[in-house]
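Okay, here's what each chain looks like letter by letter:
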Amino acid sequence: MHLHGPSGIPLVRRRACWLAFIGLAVGLLAPHVSAAEAPHEDGRRVKALFVVNFLSFTGWPPSKLGPAPARLVIAVVGDPDFAALITAVAAGRDVAGHPIVVKAVQAPEGALDAHLVFIAGSQARNVPSILRALAGAEVLTVGDTDGFAQEGVAINLYTFDSRVRIEVNSTAAARAGLRLSANLMRLARVVE
Amino acid sequence: MKRFQQALWSGTQALTLWLALAPCALGAQEQDPAPGKLVDKSLEALLDVQVDSVEGAARHSQRTTEAPASVSVITANDIETFGWRTLADVLKSVRGFHVTYDRNYSYVGVRAFGRPTDYNNRVLVLVDGQRVNDSIYDGALLGTEGPVDLSVVDRIEVIRGPGSALYGTSAFLAVVNVITKRGAQVGARQVSIEGASFDTYRVQASHGWSDNRGRDVMFSATKYDSRGQASLFFPEFADTNGGLALNLDGDKTTKLLGSATLGRWRFQSVFSEREKRVPTASWGTTFGDSRYFTGDTRAWASAAYTREIKGATVHSRAYVDHYKYYGDYPFNPLAIDGSLADAVGGEVSVRHRIGRHALTVGVEQRTNIRQNQWYGDDATHLSIDDQRHSSELASYVQDEVALTPRLTAILGGRFDWWSLKGGTGRPRLGMVYRTEKDTAIKALYGEAYRAPNMYELYYGSEQIEKGGDTLNPEVVRTLELVVERHLGRRLRVSASGYDTRITGLIDPELVDGGGLRYVNNESARSTGIELEGETRWPSGLMVRSSLAVQRARSATVDRLSNAPGQLGTLQAALPFWRRQLILATDTTYTSWRNAAGGERLPAYWLSNITATYRPLKWPIVVGATVYNAFDATYSHPVGLEFTQIAVQQDGRTAALRLSVNF
C-alpha cells in the first residue's frame, strides 16, 4: 500500500511538516497578541465556587438567617461527591461573619433548614416534588441542568462554550422570599 | 517495518517541535495560578474562567468534546420521553443523520453519506471510551444488536466530522460517545418490563449502589425477544410461496453490563449477544427458508485509572475485547459464515494546562490476537479460512490555545499505524470565536483516514472478490463553519455549513457473474447546511426542530444512493398535571432518495407519540409509545447483495412499558 501524496513527498513526512509549521506559526503568533490570561479549570470546581459565591449575593429574611455568627447551610440533594467538593472549596471562608456548613442529603425534607439547596442533575425528574417540598422554607434553589431555571429553580448554572454562566428565575427567588443582589442579576441571563 | 520507523521518526520530530514551541508561546506570561487562588475570584472573574469537563456529573469523564465541532447531546430524559429503544432510534432523530434498516442490521448515514452495507465503518461508536467498532468490519452495532441497553445510558454525545485528534479509526464522519449511568443515578433496584407489537417482550433489571467515599457500582441485565412480523411480503419473490416470508423476522438479544468506580479506578464489563432471523433472502439465498440466521456477540472488560499529578490529568486504560459473528445462509446446501476477533489494548493520555494552552497528549495500542473469517459448507469444508493477527498503534496531540479572550485555536494531529496496512498522520485544526452575547462561531478543518477493514481486504468467496493489495485507504477532508447563539430568553439556535470530500471511497460494485467487489470508487463530495432551534418554556414545554439540506455526489454519479436531499426533525414534549404526565412527539421527514440502481424511493414523514406517566406518590414510571402513528408506508434502500432494491419498514406499532424502583 502506498502512502505517497500527489506531490511525491511521503505523505507522513508532508503531514508532519505541516503540523510543525502550524505549531511554529501559533507559537510565534501567541506572544504578540496582548490578552488577559484565561486559565483552564475543572468545571465542577468552578460550579462549586459559584455556589459558595451565591451566598454573598442573596438576602434572606431575618427569620431565616439571624445575625452573625448564625451558620449558613448549603444542602446538596443527590450528589454526595459535589457536597464534598463544596466543603473543600468553602473551607476557611465565611460570608460576612456567617460560617458555612455543607451537608449532603437524599431527600428535600432533610434540607428544610438549609439556606441554599443545590439540586443535582440526577434528581432531574424529582424537581417539581423537591420544589414543592421546599416551598415556604425560604430556600435558594440552585442547579446545573438544562431546563431547571424554566422549571422553577431560582439559579441555574449552564455552560456555554467552555465557560460557566448563570441564568436566573427571579420569580422563583421572589416566591421564596429572597432578595437577589443587583450585582448578581446584572451578570445573569434572566429566564423569568 | 522500515516505513513504520520512518513514520514514527517524522511523528516524533513534529511532536518534539510542537512541545518545544508550546512553552515558548507563553512569552512573558504569568504562571498558572495555584488552585487556591481561584477561590478568591469574584463572580465576574469566575464567569471568565474556561472549564474543561462540562457535562454533568461524570467525574472520570472520557475525552470530552473539546473539538470545535457541531455536537448534539441526547440525555436519558430524552430517551425516556421519546420512547427510543436502540441507538439507531436515537440517531434517526439527530439533525443531519438518517438510518436505514434491512431487517437485519441498522445503518446510519451522516451528511448524506450512507454507503450500502458498510456496517457503519465510518462512524466511531464508543461506550465509556471503549471502541464498539469491531476488528473485522470496523462496524458499529446500532440496532437491537447494539452492545448496551438504552436504559443504562446517561447521555449520548454525537460529534460531527473528524474534528478531534483524540479519536482515530472510524472517526471519519462522526463520533458517537455513549456514557452510561453511575450506580448513584440508577437507584437501589429497578425492574422494567415492556411489551410491544409482534410478540415483543423485554425485561430489564438493574441495581445501583454508591457511597460517600467514591465507590459506585452498577449492574444491569436485559432480555429481549421479538417474534417479529408474522408475514412479510416481498413482490420480487412472488413466484415462491406468493412472496410471503412467514415468521422469519424474529429477533432476540441478551445484554449484561457491570461497572464499578472505586476511587480513582473504574472497571467495566459488557456482554451482548443477538440473533436475528433474516426474511429477505439476501445474498441469493433460498427465499422463505427458516434456516437463515445471523448472530453477533460483543464483549469487553476494561480497567481505567485517572489521577491528577501536579495539575495534569493522567488517564490510563487497559482492556480485553471480543467479537464473534456467525451466519447460517440457506443456499443449497446450507453455508456457514463467521468471523472472530479477540484483542487486548491500552491507552494513556495526559492533559495539562500551561498558561493559555490546554495540551492533551496520548498513545493507544491494540494487539489483535485473532482476526479470523471463514465461510463454507461446514467446519471441515471451508472455502474461506482466513486467520490473521495484527497490531495497531496511535499517538495524538491536541492543543487548545486561548489566543485572545474571545478567540481559541484548537490544533491537533494524530498518527495511526496498522501492522497490516501502514500508517499516516492527519491534522485537525479549528478556531472558536465568542462574541459578547452568548454567540459562538466555530471554523474547523479536519482530515481523517480510513484503512480498508479485514473484510474488505481478505474475505473472498464466490460472492465477493478479495480486495487484497488493490484496495487503498479512504481519506476525508472536511471544512465546516458553525454558529451557535441564544436569542432572547428562551431560544437557542445553531446554523452550520460543511463541505466534505472523500477520496478513494471504498464501495462495493457488481461484477460479471453476479458477485461483488470492493473498489476505490473515485471521489465523493458532500455539502450541506443545517439549522437547528430549541426552545423551553416555564410550563415545561420543550420544542426542538432541525432541517438539513445536503447533497452527496461523486465525479460520475450526480447523486449518490441513499443520500436524501433534505432531512427534518421535530421533537416536542409537554408536561401536564403537575408534570406527572408528559406527552411527546418525535417526528422526522426524509426526502426522496435513490436506491443502489438509481431507482427513486419516495419521501416520507414518520411520527412517534409517547406518553410517560410518573406519579408523585409511587416510584414507578409507565410509558406508552405509538411508533409510526400515522401508519406511513415507507422503504429503506438496501445493498447490492439483495434482489430487492428496497425493504419496506413496519407500519404502526405500539409498546407499553412499566418500570418500578424499590
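Rules behind the numbers
Residues numbered from 1 in each chain as written. Chains lettered and ligands numbered in written order. Predicted model: local features only at pLDDT ≥ 70, side-chain atom pairs only at ≥ 80, totals over all residues. pLDDT = per-residue confidence, 0-100. Contact = placed C-beta atoms within 7 Å. Pairing = 2+ DSSP bridges. Helix = DSSP H or I, 4+ residues; strand = E, 2+ residues; numbered from the N terminus. Buried ≥ 20, exposed ≤ 12 C-beta atoms within 10 Å, placed from the backbone. Core = buried A, V, L, I, M, F, W, Y, C linked by C-beta atoms within 7 Å. Arc of directions from axis to C-beta.

A word on the confidence of the model for chain A. All names here are of chain A. When pLDDT is averaged across chain A, the result is 78; 78% of the residues are at 70 or more. A low-confidence stretch, residues 1–13 stays under pLDDT 50, and its non-local contacts, those more than four residues away or across chains, total 20 contacts. Residue range residues 16–39 is modelled with pLDDT below 50. Its contacts to residues more than four positions away, or to other chains, number 52 contacts.

Residues and elements named next belong to chain B. Pairing is mixed across the open sheet formed by five strands, whose spatial order is β2-β7-β8-β5-β6. Looking along the sheet, the strands with just one partner apiece sit at the ends: β2 (71–75) and β6 (130–131). For strand β7 (residues 153–160) and strand β8 (residues 174–180), the ladder comprises seven bridges, and the chain directions are antiparallel. Residue pairing for β8: arginine 155 is matched across the bridge by isoleucine 179.

Moving on, we get to the sheet that holds strand β27 (residues 506–511) of chain B. Residues and elements named next belong to chain B. Across the sheet, three strands lie side by side as β24-β28-β27; this open sheet has mixed pairing. Of all strands in the sheet, those bounded by a partner on one side alone are β24 (464–465) and β27. As paired elements, β24 and strand β28 (residues 515–520) share two bridges and run parallel to each other. Of the residues in β28, the one forming a bridge with isoleucine 464 is leucine 516.

Turning our eyes to something else, we now look at the environment of aspartate 558 of chain B. Examined against the element boundaries, aspartate 558 of chain B turns out to sit in the loop between β30 (542–554) and β31 (566–576). When the C-alpha positions of aspartate 558 of chain B and alanine 524 of chain B are compared, they lie 9.9 Å apart, and in sequence the two are 34 residues distant.

A few words now on helix α3 (residues 80–90) of chain A. Among the residues of α3 of chain A, Asp81, Phe82, Ala83, Leu85, Ile86, Val89 and Ala90 of chain A are the ones counted as buried. In this structure, the buried side of α3 of chain A is in contact with α2 (43–54), β3 (72–77), β5 (98–105) and β6 (116–119) of chain A.

Moving on, we come to the pairing of strand β26 (residues 491–503) of chain B. For strand β25 (residues 474–487) of chain B and β26 of chain B, the ladder comprises 13 bridges, and the chain directions are antiparallel. When the bridges of β26 of chain B are listed, arginine 477 of chain B appears paired with arginine 501 of chain B.

One finds Leu91, Val123 and Val178 of chain B to be the most contacted residues of the largest nonpolar core, which totals 87 residues. Among all residues touching valine 178 of chain B, those that are not within four sequence positions of it are Val125, Leu126, Val127, Val148, Val153 and Ile156 of chain B. Core analysis: the next-biggest nonpolar cluster, separate from the first, contains 55 residues, Ala48, Leu116, Ala120 and Ala173 of chain A among them.

Attention now moves to helix α4 (residues 127–134) of chain A. Residue and element names in this part refer to chain A. Those residues of α4 lying buried are Val127, Ile130, Leu131 and Leu134. Projected down its long axis, α4 shows its buried positions confined to an angular sector of 95 degrees, all on one face. In this fold, the buried residues of α4 make contact with β3, β6, β7 (140–143) and α5 (148–151). After α4 finishes, the residue glycine 136 shows a positive phi value of roughly 90 degrees.

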